[in-house]
Amino acid sequence: SSPFSSTAASGRFDEPGPYTEIPTVPPALGLSKDWAFNIIESVGNYGEIFDRNLGPKTRLALDRGLNRLWSQGGIMYAPPMR
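Source: prediction; values computed, not measured. (Residues numbered from 1 in each chain as written. Predicted model: local features only at pLDDT ≥ 70, side-chain atom pairs only at ≥ 80, totals over all residues. Heavy atoms only, no water.)

Draft legend 1. View of the overall build of the protein. Tallying secondary structure elements over the protein gives two helices and zero strands in all. Of the roughly 6,700 Å² of accessible surface on the protein, a fraction of 59% belongs to carbon and sulfur atoms. (Helix = DSSP H or I, 4+ residues; strand = E, 2+ residues; numbered from the N terminus. Areas by Shrake-Rupley, 256 points an atom, 1.4 Å probe, with all protein chains shown as cover.)

Draft legend 2. Representation of the environment of Y77. Within the fold, Y77 resides in the segment after helix 2 (46-53). The sequence separation of Y77 and N67 amounts to 10 residues, and the corresponding C-alpha distance is 9.6 Å.

Draft legend 3. Looking closely at the pattern of salt bridges. For the coordinates displayed, the defined rule picks out one salt bridge. In this structure, the salt-bridge partner of R68 is D63, at a minimum N-O distance of 2.9 Å. You can call R68 partly exposed: its relative accessible area is 29%. (Salt bridge = Lys/Arg side-chain N within 4 Å of Asp/Glu carboxyl O. Buried < 20%, exposed > 50% of the residue type's maximum accessible area, 1.4 Å probe, protein only.)

Right, dumping it as structure tokens:
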């Protein structure tokens, strides 16, 4: 499931939800409207990248510790893009 999916039961990107409003990007950057979605879909979100490369199922077997989301006892907080 994409982090840009709606919280609606269907999880569809085109339904109303907290992440369906796409921030405006200056045209000079040459990015598509779904640039952030495409990146996260390709490589995953921070937690997925951490788990894949450093997490408990890797040789390093690191716990996220303070790298957890703030809502899970860590210090990671991403303000909304506006």
